[in-house]
Amino acid sequence: MGQPLPGVLGQRLEHIVQSVAASEVASIGDAYSWREVSILLADLRGFAAIAESYPARVVLDTLNRCFATLTEVIVQHYGTIDKFMGDAIMVVFPGDQAAAHDHARRAILCAVQMQLAMDELRQKHRAESVPEMYLGIGVNTGKVMTGLIGCDLYRAHTIIGDEVNLASRIEAFSLRGQVLVSQSTYDLCRDFAECGPPVQVYMKGKAESVHIREVKGIPSLGKFVPHRELRRSARVEVLLPFAYQIVSRKTVLATVETGTIHNIGYDGALVEIDRPLPLYAELKLAMNLVSLGYRAEDVYGRIVDVREDKGRWLCGVEFTSMTRQANEKIRLFVQMLIPSYVPVAPSREPGQAPRINSSAQEAAVGDVEDGAVQDRRRFER
(Lines give C-alpha, C1' and ligand atoms only; values in the text may rest on other atoms or scores of the structure.)
Protein backbone atom coordinates (compact mmCIF):
# COMPACT_ATOMS: atom_id res chain seq x y z
CA MET A 1 0.00 0.00 0.00
CA GLY A 2 3.05 2.25 -0.24
CA GLN A 3 3.31 2.58 3.55
CA PRO A 4 5.98 1.31 5.98
CA LEU A 5 5.15 -1.84 7.92
CA PRO A 6 4.29 -0.99 11.54
CA GLY A 7 6.53 -1.96 14.47
CA VAL A 8 7.06 -5.66 14.93
CA LEU A 9 6.06 -6.52 11.34
CA GLY A 10 8.81 -4.34 9.97
CA GLN A 11 11.32 -5.94 12.31
CA ARG A 12 10.25 -9.43 11.26
CA LEU A 13 10.65 -8.59 7.57
CA GLU A 14 14.07 -7.09 8.25
CA HIS A 15 15.23 -10.29 9.98
CA ILE A 16 13.91 -12.41 7.12
CA VAL A 17 15.85 -10.34 4.57
CA GLN A 18 18.99 -10.54 6.71
CA SER A 19 18.62 -14.33 7.00
CA VAL A 20 18.29 -14.70 3.23
CA ALA A 21 21.33 -12.45 2.71
CA ALA A 22 23.31 -14.63 5.13
CA SER A 23 22.15 -17.80 3.28
CA GLU A 24 20.43 -19.14 6.39
CA VAL A 25 17.25 -19.90 4.44
CA ALA A 26 17.38 -22.50 1.69
CA SER A 27 17.05 -21.17 -1.85
CA ILE A 28 15.89 -23.12 -4.88
CA GLY A 29 19.41 -24.36 -5.49
CA ASP A 30 19.93 -25.54 -1.90
CA ALA A 31 18.86 -28.96 -0.73
CA TYR A 32 17.79 -28.01 2.80
CA SER A 33 18.70 -26.15 5.97
CA TRP A 34 18.32 -26.96 9.67
CA ARG A 35 15.96 -24.83 11.73
CA GLU A 36 14.34 -24.98 15.15
CA VAL A 37 10.59 -24.77 14.80
CA SER A 38 7.40 -25.63 16.65
CA ILE A 39 5.05 -27.96 14.79
CA LEU A 40 1.29 -27.99 15.39
CA LEU A 41 -0.94 -30.73 14.04
CA ALA A 42 -4.71 -30.51 14.42
CA ASP A 43 -7.24 -33.13 13.42
CA LEU A 44 -11.04 -32.98 13.32
CA ARG A 45 -12.25 -35.84 15.51
CA GLY A 46 -15.05 -38.08 14.31
CA PHE A 47 -15.00 -36.69 10.78
CA ALA A 48 -15.33 -40.12 9.13
CA ALA A 49 -18.50 -40.90 11.08
CA ILE A 50 -19.95 -37.49 10.22
CA ALA A 51 -19.12 -38.00 6.54
CA GLU A 52 -21.15 -41.23 6.57
CA SER A 53 -24.16 -39.66 8.27
CA TYR A 54 -24.61 -36.40 6.34
CA PRO A 55 -24.84 -35.42 2.65
CA ALA A 56 -21.51 -34.70 0.98
CA ARG A 57 -22.37 -31.04 0.41
CA VAL A 58 -23.11 -30.49 4.11
CA VAL A 59 -19.87 -32.22 5.09
CA LEU A 60 -17.75 -30.18 2.66
CA ASP A 61 -19.38 -26.88 3.64
CA THR A 62 -18.80 -27.65 7.32
CA LEU A 63 -15.20 -28.68 6.69
CA ASN A 64 -14.51 -25.49 4.73
CA ARG A 65 -16.04 -23.38 7.47
CA CYS A 66 -13.85 -25.07 10.09
CA PHE A 67 -10.67 -24.67 8.06
CA ALA A 68 -11.47 -21.05 7.24
CA THR A 69 -11.91 -20.29 10.95
CA LEU A 70 -8.70 -22.11 11.90
CA THR A 71 -6.71 -20.42 9.13
CA GLU A 72 -7.65 -16.98 10.45
CA VAL A 73 -6.37 -17.96 13.90
CA ILE A 74 -3.13 -19.38 12.48
CA VAL A 75 -2.39 -16.23 10.48
CA GLN A 76 -2.98 -14.06 13.54
CA HIS A 77 -0.21 -15.95 15.38
CA TYR A 78 2.25 -15.89 12.46
CA GLY A 79 2.01 -19.60 11.76
CA THR A 80 2.69 -21.09 8.32
CA ILE A 81 0.26 -23.70 7.02
CA ASP A 82 2.42 -26.51 5.66
CA LYS A 83 -0.44 -28.57 4.29
CA PHE A 84 -4.05 -29.70 4.62
CA MET A 85 -4.32 -33.48 5.00
CA GLY A 86 -7.97 -34.45 4.54
CA ASP A 87 -9.54 -33.48 7.87
CA ALA A 88 -6.20 -32.47 9.43
CA ILE A 89 -3.93 -29.44 9.20
CA MET A 90 -0.19 -29.06 9.78
CA VAL A 91 1.23 -25.71 10.88
CA VAL A 92 4.84 -24.61 11.34
CA PHE A 93 5.97 -21.81 13.64
CA PRO A 94 9.54 -20.83 12.67
CA GLY A 95 11.82 -18.94 15.02
CA ASP A 96 13.79 -15.78 14.33
CA GLN A 97 16.86 -14.08 15.75
CA ALA A 98 14.93 -11.32 17.53
CA ALA A 99 12.93 -13.59 19.83
CA ALA A 100 14.59 -16.92 20.55
CA HIS A 101 12.10 -19.74 21.17
CA ASP A 102 9.17 -17.33 20.72
CA HIS A 103 7.75 -19.83 18.21
CA ALA A 104 6.86 -22.28 21.00
CA ARG A 105 4.75 -19.67 22.81
CA ARG A 106 3.03 -18.66 19.59
CA ALA A 107 2.25 -22.31 18.82
CA ILE A 108 0.68 -22.97 22.23
CA LEU A 109 -1.28 -19.70 22.18
CA CYS A 110 -2.50 -20.53 18.67
CA ALA A 111 -3.60 -24.02 19.80
CA VAL A 112 -5.60 -22.59 22.72
CA GLN A 113 -7.17 -19.97 20.46
CA MET A 114 -8.06 -22.64 17.90
CA GLN A 115 -9.99 -24.58 20.56
CA LEU A 116 -11.79 -21.39 21.62
CA ALA A 117 -12.70 -20.65 18.00
CA MET A 118 -14.00 -24.20 17.48
CA ASP A 119 -16.11 -23.89 20.63
CA GLU A 120 -17.80 -20.76 19.21
CA LEU A 121 -18.24 -22.45 15.85
CA ARG A 122 -19.94 -25.46 17.43
CA GLN A 123 -22.51 -23.19 19.02
CA LYS A 124 -23.37 -21.85 15.55
CA HIS A 125 -23.49 -25.37 14.13
CA ARG A 126 -25.79 -26.48 16.94
CA ALA A 127 -28.22 -23.65 16.20
CA GLU A 128 -28.17 -24.50 12.48
CA SER A 129 -28.50 -28.29 13.02
CA VAL A 130 -25.12 -28.74 11.34
CA PRO A 131 -22.80 -31.54 12.51
CA GLU A 132 -20.61 -30.44 15.41
CA MET A 133 -16.88 -31.00 15.02
CA TYR A 134 -14.17 -31.23 17.67
CA LEU A 135 -10.46 -30.69 17.36
CA GLY A 136 -7.52 -32.65 18.76
CA ILE A 137 -4.18 -30.81 18.75
CA GLY A 138 -0.57 -31.87 19.30
CA VAL A 139 2.46 -29.54 19.49
CA ASN A 140 6.18 -30.38 19.44
CA THR A 141 9.37 -28.30 19.22
CA GLY A 142 12.72 -29.29 17.75
CA LYS A 143 15.14 -29.03 14.84
CA VAL A 144 13.98 -30.13 11.40
CA MET A 145 15.22 -30.07 7.84
CA THR A 146 13.41 -27.46 5.82
CA GLY A 147 13.60 -26.77 2.11
CA LEU A 148 12.10 -27.28 -1.29
CA ILE A 149 11.36 -30.74 -2.68
CA GLY A 150 10.10 -31.71 -6.09
CA CYS A 151 11.15 -30.92 -9.64
CA ASP A 152 10.67 -28.22 -12.27
CA LEU A 153 7.10 -29.37 -12.88
CA TYR A 154 6.09 -29.11 -9.21
CA ARG A 155 8.01 -27.92 -6.18
CA ALA A 156 6.83 -27.36 -2.62
CA HIS A 157 8.39 -26.23 0.63
CA THR A 158 8.24 -28.77 3.44
CA ILE A 159 9.85 -29.83 6.71
CA ILE A 160 11.23 -33.31 7.44
CA GLY A 161 12.56 -34.97 10.55
CA ASP A 162 11.88 -37.05 13.61
CA GLU A 163 10.35 -34.04 15.40
CA VAL A 164 7.60 -33.93 12.76
CA ASN A 165 6.80 -37.60 13.38
CA LEU A 166 6.71 -36.98 17.14
CA ALA A 167 4.26 -34.10 16.67
CA SER A 168 2.02 -36.41 14.65
CA ARG A 169 2.14 -39.10 17.36
CA ILE A 170 1.26 -36.56 20.07
CA GLU A 171 -1.71 -35.31 18.04
CA ALA A 172 -2.95 -38.90 17.72
CA PHE A 173 -3.09 -39.15 21.54
CA SER A 174 -5.19 -35.99 21.94
CA LEU A 175 -8.88 -36.26 22.72
CA ARG A 176 -11.65 -34.04 21.44
CA GLY A 177 -11.11 -30.44 22.52
CA GLN A 178 -7.67 -31.22 23.97
CA VAL A 179 -4.21 -29.70 23.43
CA LEU A 180 -1.17 -31.90 24.17
CA VAL A 181 2.46 -30.74 24.04
CA SER A 182 5.83 -32.48 24.19
CA GLN A 183 8.35 -32.02 26.98
CA SER A 184 10.55 -29.90 24.70
CA THR A 185 7.70 -27.48 24.03
CA TYR A 186 6.75 -27.37 27.70
CA ASP A 187 10.34 -26.57 28.72
CA LEU A 188 10.20 -23.40 26.63
CA CYS A 189 6.75 -22.35 27.90
CA ARG A 190 6.53 -23.53 31.52
CA ASP A 191 6.32 -19.91 32.71
CA PHE A 192 3.77 -19.01 30.04
CA ALA A 193 1.24 -21.85 29.80
CA GLU A 194 -0.66 -23.71 32.51
CA CYS A 195 -0.25 -27.42 31.90
CA GLY A 196 -1.26 -30.63 33.61
CA PRO A 197 1.16 -33.19 35.11
CA PRO A 198 3.39 -35.19 32.74
CA VAL A 199 2.01 -38.42 31.32
CA GLN A 200 4.44 -41.13 30.27
CA VAL A 201 3.53 -42.78 26.96
CA TYR A 202 5.24 -45.12 24.53
CA MET A 203 5.20 -44.29 20.85
CA LYS A 204 6.00 -46.29 17.75
CA GLY A 205 9.53 -45.62 16.55
CA LYS A 206 10.73 -44.47 19.98
CA ALA A 207 12.96 -46.79 22.02
CA GLU A 208 12.20 -44.88 25.22
CA SER A 209 9.00 -43.43 26.62
CA VAL A 210 8.19 -39.74 26.18
CA HIS A 211 6.32 -37.30 28.39
CA ILE A 212 3.38 -35.26 27.19
CA ARG A 213 1.27 -32.68 28.99
CA GLU A 214 -2.21 -31.25 28.53
CA VAL A 215 -2.39 -27.48 28.11
CA LYS A 216 -5.07 -25.92 30.31
CA GLY A 217 -4.65 -22.31 29.16
CA ILE A 218 -2.60 -19.11 29.22
CA PRO A 219 -3.36 -17.46 32.61
CA SER A 220 -1.54 -14.19 31.85
CA LEU A 221 -3.80 -13.61 28.82
CA GLY A 222 -6.99 -14.95 30.41
CA LYS A 223 -7.35 -17.63 27.71
CA PHE A 224 -8.24 -21.19 28.71
CA VAL A 225 -9.11 -24.31 26.76
CA PRO A 226 -12.90 -24.77 26.99
CA HIS A 227 -14.02 -27.60 29.25
CA ARG A 228 -16.54 -29.68 27.35
CA GLU A 229 -19.77 -30.31 29.19
CA LEU A 230 -19.88 -33.75 27.56
CA ARG A 231 -17.00 -34.83 29.78
CA ARG A 232 -19.21 -34.18 32.79
CA SER A 233 -22.36 -35.83 31.42
CA ALA A 234 -24.53 -38.02 33.62
CA ARG A 235 -23.16 -41.51 34.34
CA VAL A 236 -25.36 -44.48 35.18
CA GLU A 237 -24.25 -47.80 36.63
CA VAL A 238 -24.82 -50.90 34.50
CA LEU A 239 -23.51 -54.43 34.03
CA LEU A 240 -23.35 -54.39 30.25
CA PRO A 241 -21.28 -56.92 28.27
CA PHE A 242 -19.35 -55.47 25.35
CA ALA A 243 -16.82 -56.52 22.72
CA TYR A 244 -13.77 -54.57 21.65
CA GLN A 245 -10.93 -54.57 19.14
CA ILE A 246 -7.67 -52.66 19.45
CA VAL A 247 -6.99 -49.97 16.85
CA SER A 248 -3.34 -49.66 15.84
CA ARG A 249 -2.23 -46.91 13.45
CA LYS A 250 -5.81 -46.45 12.23
CA THR A 251 -6.16 -50.19 11.52
CA VAL A 252 -8.68 -52.29 13.47
CA LEU A 253 -7.00 -55.52 14.57
CA ALA A 254 -8.89 -58.75 13.91
CA THR A 255 -8.84 -60.15 17.47
CA VAL A 256 -12.13 -59.56 19.31
CA GLU A 257 -12.06 -59.49 23.11
CA THR A 258 -14.83 -58.99 25.65
CA GLY A 259 -15.40 -57.12 28.89
CA THR A 260 -18.06 -55.51 31.04
CA ILE A 261 -19.18 -51.89 31.17
CA HIS A 262 -19.70 -50.78 34.79
CA ASN A 263 -20.97 -47.27 34.08
CA ILE A 264 -21.70 -45.29 30.96
CA GLY A 265 -22.43 -41.70 30.01
CA TYR A 266 -23.03 -39.74 26.82
CA ASP A 267 -19.33 -39.47 26.09
CA GLY A 268 -17.55 -42.28 27.90
CA ALA A 269 -17.66 -45.40 30.04
CA LEU A 270 -15.87 -47.29 32.80
CA VAL A 271 -15.05 -50.78 31.51
CA GLU A 272 -13.62 -53.93 33.07
CA ILE A 273 -11.29 -56.12 30.99
CA ASP A 274 -9.02 -59.13 31.58
CA ARG A 275 -5.67 -57.54 30.77
CA PRO A 276 -4.09 -54.10 31.06
CA LEU A 277 -3.96 -51.84 28.03
CA PRO A 278 -1.66 -48.82 27.65
CA LEU A 279 -2.91 -45.34 28.43
CA TYR A 280 -4.35 -43.63 25.34
CA ALA A 281 -4.84 -46.95 23.51
CA GLU A 282 -7.65 -46.68 20.96
CA LEU A 283 -10.49 -49.20 20.85
CA LYS A 284 -13.42 -50.06 18.63
CA LEU A 285 -16.39 -51.10 20.79
CA ALA A 286 -19.66 -52.90 20.19
CA MET A 287 -22.50 -53.29 22.70
CA ASN A 288 -26.09 -54.47 22.64
CA LEU A 289 -28.55 -51.96 24.10
CA VAL A 290 -31.20 -54.63 24.48
CA SER A 291 -33.82 -52.40 26.10
CA LEU A 292 -33.74 -50.32 22.89
CA GLY A 293 -33.42 -53.26 20.53
CA TYR A 294 -30.24 -51.76 19.13
CA ARG A 295 -26.64 -52.92 18.66
CA ALA A 296 -24.19 -50.00 18.87
CA GLU A 297 -21.25 -50.74 16.60
CA ASP A 298 -18.45 -48.63 15.16
CA VAL A 299 -18.07 -46.84 18.48
CA TYR A 300 -14.48 -45.70 18.92
CA GLY A 301 -12.89 -44.67 22.20
CA ARG A 302 -9.57 -43.94 23.84
CA ILE A 303 -8.37 -45.15 27.25
CA VAL A 304 -7.77 -42.18 29.56
CA ASP A 305 -7.36 -44.01 32.88
CA VAL A 306 -6.19 -47.50 33.93
CA ARG A 307 -6.18 -49.11 37.37
CA GLU A 308 -6.06 -52.64 38.78
CA ASP A 309 -8.79 -54.10 41.00
CA LYS A 310 -8.40 -57.66 42.35
CA GLY A 311 -6.73 -59.06 39.26
CA ARG A 312 -9.07 -57.28 36.86
CA TRP A 313 -8.43 -54.03 35.06
CA LEU A 314 -10.72 -51.01 35.13
CA CYS A 315 -10.28 -48.56 32.28
CA GLY A 316 -11.86 -45.16 31.78
CA VAL A 317 -12.77 -44.84 28.10
CA GLU A 318 -13.70 -41.57 26.41
CA PHE A 319 -15.64 -41.94 23.17
CA THR A 320 -13.90 -40.31 20.22
CA SER A 321 -16.12 -41.20 17.28
CA MET A 322 -19.42 -42.91 16.48
CA THR A 323 -22.29 -42.71 14.04
CA ARG A 324 -25.08 -40.23 14.67
CA GLN A 325 -27.57 -43.05 15.30
CA ALA A 326 -25.27 -44.75 17.82
CA ASN A 327 -24.80 -41.43 19.62
CA GLU A 328 -28.57 -40.89 19.86
CA LYS A 329 -29.18 -44.44 21.10
CA ILE A 330 -26.48 -44.27 23.78
CA ARG A 331 -27.84 -40.94 25.03
CA LEU A 332 -31.35 -42.41 25.20
CA PHE A 333 -30.05 -45.54 26.95
CA VAL A 334 -28.38 -43.38 29.63
CA GLN A 335 -31.44 -41.16 30.04
CA MET A 336 -33.71 -44.17 30.56
CA LEU A 337 -31.68 -45.15 33.63
CA ILE A 338 -31.87 -41.69 35.21
CA PRO A 339 -34.74 -41.36 37.73
CA SER A 340 -36.13 -38.18 36.18
CA TYR A 341 -36.49 -39.79 32.75
CA VAL A 342 -39.99 -39.55 31.27
CA PRO A 343 -40.50 -41.94 28.34
CA VAL A 344 -41.89 -40.49 25.12
CA ALA A 345 -43.50 -42.81 22.59
CA PRO A 346 -41.53 -42.79 19.30
CA SER A 347 -43.40 -41.41 16.31
CA ARG A 348 -44.34 -44.01 13.69
CA GLU A 349 -46.91 -44.63 11.04
CA PRO A 350 -50.32 -45.87 12.21
CA GLY A 351 -50.36 -49.62 12.57
CA GLN A 352 -46.55 -49.90 12.30
CA ALA A 353 -44.89 -52.03 14.97
CA PRO A 354 -41.78 -50.78 16.71
CA ARG A 355 -38.56 -51.85 15.01
CA ILE A 356 -36.42 -54.30 16.95
CA ASN A 357 -32.88 -54.99 15.78
CA SER A 358 -32.56 -58.73 15.44
CA SER A 359 -28.82 -58.57 16.18
CA ALA A 360 -29.63 -57.53 19.73
CA GLN A 361 -30.30 -61.17 20.51
CA GLU A 362 -26.54 -61.79 20.42
CA ALA A 363 -26.09 -60.21 23.86
CA ALA A 364 -26.36 -61.83 27.26
CA VAL A 365 -29.88 -60.50 27.56
CA GLY A 366 -30.54 -61.64 31.11
CA ASP A 367 -27.42 -59.97 32.53
CA VAL A 368 -28.06 -56.70 30.77
CA GLU A 369 -31.72 -56.42 31.65
CA ASP A 370 -31.19 -57.45 35.29
CA GLY A 371 -28.41 -54.89 35.67
CA ALA A 372 -30.58 -52.19 34.18
CA VAL A 373 -33.47 -53.01 36.51
CA GLN A 374 -31.19 -53.08 39.56
CA ASP A 375 -29.70 -49.73 38.58
CA ARG A 376 -33.13 -48.16 38.14
CA ARG A 377 -34.22 -49.41 41.58
CA ARG A 378 -31.01 -48.12 43.13
CA PHE A 379 -31.66 -44.66 41.71
CA GLU A 380 -35.28 -44.66 42.78
CA ARG A 381 -34.38 -45.43 46.39
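Scroll up to find the structure this text is about.
One structure accompanies this document, and this report is about it. Note that residues are indexed from 1 along each chain, following the sequence as it is written. Only residues with pLDDT of at least 70 are given local features in this predicted model, and only at 80 or more are side-chain atom pairs given and counted; all residues enter the totals for whole chains, interfaces and linings. As a rule here, side-chain values come from all non-hydrogen atoms in the structure, and water together with hydrogens is ignored.

Two measures describe an aromatic ring pair: the distance that separates the ring centres and the angle between the ring planes. Each Phe, Tyr or Trp ring, with Trp reduced to its six-membered ring, pairs with another whose centre is within 6.5 Å; inter-plane angles below 30 degrees give stacked pairs, above 60 give edge-to-face pairs, and intermediate values give tilted ones. Inspection of the entire model under this criterion finds 3 aromatic pairs. Positioned over the ring face of Tyr-186 is Arg-213, at 3.9 Å from the centre of the ring. Any Lys NZ or Arg CZ that is within 6 Å of a ring centre and within 35 degrees of that ring's normal is treated as a charge sitting over the ring.

This brings us to the packing of helix α3 (residues 56–76) against helix α4 (residues 102–127). Whenever a helix is involved, its axis is fitted only over the stretch in contact; in every case the axis is a line through C-alpha atoms, and angles between N-to-C directions fall within 0 to 180 degrees. Elements are defined by DSSP. Helices are runs of H or I of four residues or more, strands are runs of E of two residues or more, and each kind is numbered from the N terminus. Where α3 meets α4, the axes come as close as 9 Å, and the angle between the chain directions of the two elements is 145°. Like other packed secondary-structure pairs, α3 and α4 cross with a definite hand, here right-handed. Judged by residue contacts, Thr-62, Arg-65, Cys-66, Thr-69, Leu-70, Val-73 and Ile-74 of α3 engage Cys-110, Gln-113, Met-114, Ala-117, Met-118, Leu-121 and His-125 from α4. Residues that form the contact of α3 with α4 fall into these classes: 9 nonpolar, 4 polar and 1 charged. Crossing chirality is assigned from the near helix's rotation relative to the far helix, an anticlockwise turn below a right angle marking it left-handed and a clockwise turn marking it right-handed. We call two residues in contact whenever any of their non-hydrogen atoms come within 4.5 Å of each other. For this classification, the nonpolar set comprises Ala, Val, Leu, Ile, Met, Phe, Trp, Tyr, Cys and Pro, the charged set comprises Asp, Glu, Lys and Arg, and every other residue, Gly included, is treated as polar.

Surface patches are drawn from residues lacking salt bridges whose relative accessible area is over 30%; two like charges belong together within 9 Å, two nonpolar side chains (Val, Leu, Ile, Met, Phe, Trp, Tyr) within 5 Å. Residue burial considers only the protein chains on display, and all accessible areas are found by Shrake-Rupley using a 1.4 Å probe. We define a salt bridge as a side-chain nitrogen of Lys or Arg found within 4 Å of a carboxyl oxygen belonging to Asp or Glu. Taken together, the side chains of Leu-5, Leu-9, Leu-13 and Tyr-78 define a hydrophobic patch exposed on the protein surface, amounting to about 340 Å² of accessible area. Among the structural elements, Leu-13 can be located in helix α1 (residues 7–21).

A few words on the pattern of salt bridges. Side-chain pairs of opposite charge can arise whenever the charged atoms involved come near each other. Under the criterion given, the structure shown has 20 salt bridges. Across the pair Arg-126 and Glu-132 runs a salt bridge whose closest N-O atoms are separated by 3.0 Å. Among the residues examined, Arg-126 registers a relative accessible area of 47% and is labelled partly exposed. Per-residue accessibility, obtained with a 1.4 Å probe over protein chains only, is compared with the maximum for each type, and a residue is labelled buried under 20%, exposed over 50%, and partly exposed between these values.

Let us now look at the pairing of strand β16 (residues 294–309). In terms of strand pairing, strand β15 (residues 282–289) meets β16 through 7 bridges, oriented antiparallel. Bridging from a neighbouring strand, Glu-282 pairs with Arg-302 of β16. Linking β16 back to strand β17 (residues 312–321) in an antiparallel pair, the connection comprises 2 residues, with Lys-310 at a positive phi of about 55°. Two strands make a pair as long as DSSP finds a minimum of two bridges between them.

Its location among the elements puts Arg-295 in strand β16. Overall, Arg-295 belongs to the buried group, its relative accessible area being 18%. Taking C-alpha positions, Arg-295 is 9.2 Å from Lys-329, a pair spaced 34 residues apart along the chain. Here the side chain of Arg-295 touches Asn-288 through a polar contact of 3.1 Å, side chain to side chain. As used in this structure description, the phrase polar contact means that two N or O atoms lie within 3.5 Å; if the pair is within protein, one of them must be able to donate a hydrogen and the other to accept it, and residues adjacent in sequence are counted only when both atoms belong to side chains.

The subject of this paragraph is the state of the cysteines. In a disulfide, the sulfur atoms of two cysteines are held together by a covalent bond. Disulfides are defined as pairs of cysteine sulfur atoms found within 2.5 Å of each other. As enumerated under the stated definition, the model contains 0 disulfides in all. Looking at the unpaired Cys-189, the closest cysteine sulfur is the one in Cys-195, lying at 7.9 Å. Judged by its relative accessible area of 1%, Cys-189 falls in the buried class.

If you check the backbone angles, Tyr-280 has positive phi at about 75° while not being a glycine. The class of Tyr-280 is buried, set by a relative accessible area of 10%. Positive phi values are uncommon outside glycine, yet Asp-298 reaches one of about 55°. The residue Asp-298 is located in strand β16 in this model. Taking relative accessible area as the criterion, Asp-298 reaches 35% and is therefore assigned partly exposed.

Below, the discussion takes up the pairing of strand β6 (residues 178–182). When you tally the buried positions in β6, you get 5 out of 5 residues, the bulk of the element. A two-sided burial pattern is seen for β6, the buried positions comprising Gln-178, Leu-180 and Ser-182 on one face and Val-179 and Val-181 on the other. Note: strand β4 (residues 134–150) against β6, 4 bridges, orientation parallel. In the strand pairing of β6, Gly-136 is matched with Gln-178. The pairing of β6 with strand β9 (residues 210–218) spans 3 bridges and is classified as antiparallel. Within β9, the position partnered with Leu-180 by the bridge is Glu-214.

Core analysis: the largest hydrophobic core is formed by 41 residues, its most contacted members being Leu-40, Leu-44, Met-114, Met-118, Leu-135 and Ile-137. Counting residues per element, this core draws most heavily on α4, which supplies 11 residues. With near-sequence residues (within four places) excluded, Leu-135 lies in contact with Ala-42, Asp-43, Leu-44, Leu-70, Met-114, Gln-115, Met-118, Leu-175, Arg-176, Gly-177 and Gln-178. Nonpolar cores are built from buried Ala, Val, Leu, Ile, Met, Phe, Trp, Tyr and Cys residues. Side-chain atoms within 4.5 Å join them into one set.

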